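Structural description and commentary
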Amino acid sequence: PGSVQELLDFGLHGYALSRYAGLWVGMKCVTDVCDQAGTVEVSPSAVVPVTPELEIAGRPFRPTFDARLIAPYSLEMEATLQSSRLLAARSYAAANGLNRIVARGDADRIGIVAAGKTWYDLRQALRDLGLNGDSLRRAGIRLLKLGMLYPLEP
């Protein structure tokens, strides 16, 4: 998260994603975000997670859990981590627009990817250079803002 609002929003998405995919979710919070104050929208409708329908091997995906996190009990959960659980996480990110292209043009030559506080620093640097809105498109610069770094959706 790069702002107090994103800390709240991504936190809610983190809980929903964890339940949907059966994964542990973490957030990296930097000092610049944690030590700031701001106004945030706190409402039941502020973040409404979308849980996409996902089929694995012809069956609806439902994560299974076992509190015994040692072998041999954990082997099935570990096997599904690299296949169905990470696929579910990518599907969740796509359905909820966690990663999105913010600026795009027809003749883009340069792509810049950033997340969190770095995203806001990048946008400020581009504004300082006079690159904002239409001037970004004319310069051929595409911007991708990441909300979920891993697993990265295609």
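Just so you know, these numbers come straight off a predicted model, no measurement behind them.

Going through the model one piece at a time under the given rule, you end up with two aromatic pairs. The interplanar angle of 70 degrees and the centroid separation of 6.4 Å between the aromatic rings of Tyr-20 and Phe-61 together place this pair among those described as edge-to-face. You can see Tyr-20 sitting in helix α1 (residues 4-21) and its partner Phe-61 sitting in the loop between β2 (59-60) and α3 (75-96), a full 41 residues away along the chain. By relative accessible area, Phe-61 is classed as buried at 8%.

The next point concerns the packing of α1 against α3. Contact geometry for α1 and α3: axes closest at 9 Å, N-to-C directions at 140 degrees. The orientation of α1 relative to α3 falls into the category oblique. α1 and α3 meet at a crossing whose hand is right-handed. The segment α1 lies against α3, with His-13, Ala-16, Leu-17, Tyr-20 and Ala-21 engaging Arg-85, Ala-88, Ala-89, Ser-91, Tyr-92 and Asn-96. Taken together, the residues that form the contact of α1 with α3 break down as seven nonpolar, three polar and one charged.

Along the chain, Arg-123 falls in helix α4 (residues 116-128). This buried residue, Arg-123, is left without a salt bridge; Glu-6 holds the nearest opposite charge, at 11 Å. Separated by 3.1 Å, the side chains of Arg-123 and Asn-132 make a polar contact. With near-sequence residues (within four places) excluded, Arg-123 lies in contact with Val-102, Asn-132, Leu-136 and Leu-143.

Here the focus is the environment of Ala-88. Within the secondary structure layout, Ala-88 lies in helix α3. Looking at Ala-88, the relative accessible area reads 0%, which means it is buried. Among all residues touching Ala-88, those that are not within four sequence positions of it are Tyr-20, Ala-21, Leu-54 and Phe-61.

With that out of the way, let us pick up the pairing of strand β5 (residues 141-146). Regular strands place their side chains on alternate faces of the sheet. With three bridges connecting them, strand β3 (residues 100-103) and β5 associate as antiparallel partners. Paired with Ile-101 across the two strands is Leu-144, which belongs to β5. When strand β4 (residues 110-115) meets β5, the two strands line up parallel, connected through six bridges. Bridging from a neighbouring strand, Val-113 pairs with Leu-144 of β5.

Inspection of the entire model under this criterion finds four salt bridges. A salt bridge links Glu-6 to Lys-145, with the nearest nitrogen and oxygen atoms 2.4 Å apart. Of the two residues, Glu-6 sits in helix α1 while Lys-145 sits in strand β5, which places them 139 residues apart along the sequence. The same class applies to Glu-6 as to Lys-145, namely buried. The shortest N-O distance in the salt bridge between Arg-142 and Asp-108 comes to 2.7 Å. One end of the pair, Arg-142, is in strand β5; the other, Asp-108, is in the loop between β3 and β4, with 34 residues separating them in the sequence.

Procedures and definitions
- Residues numbered from 1 in each chain as written.
- Predicted model: local features only at pLDDT ≥ 70, side-chain atom pairs only at ≥ 80, totals over all residues.
- Heavy atoms only, no water.
- Phe/Tyr/Trp six-rings, centres within 6.5 Å; stacked < 30°, edge-to-face > 60°.
- Helix = DSSP H or I, 4+ residues; strand = E, 2+ residues; numbered from the N terminus.
- Buried < 20%, exposed > 50% of the residue type's maximum accessible area, 1.4 Å probe, protein only.
- Axes fitted to C-alpha atoms, helices over the stretch in contact; angles between N-to-C directions.
- Parallel < 35°, antiparallel > 145°, perpendicular 65-115°, else oblique.
- Left-handed = near helix turned anticlockwise from the far one by under 90°.
- Contact = heavy atoms within 4.5 Å.
- Nonpolar A, V, L, I, M, F, W, Y, C, P; charged D, E, K, R; others polar.
- Lys, Arg positive; Asp, Glu negative; His and termini not counted.
- Salt bridge = Lys/Arg side-chain N within 4 Å of Asp/Glu carboxyl O.
- Polar contact = N/O pair within 3.5 Å; in protein donor to acceptor, adjacent residues only side chain to side chain.
- Pairing = 2+ DSSP bridges.

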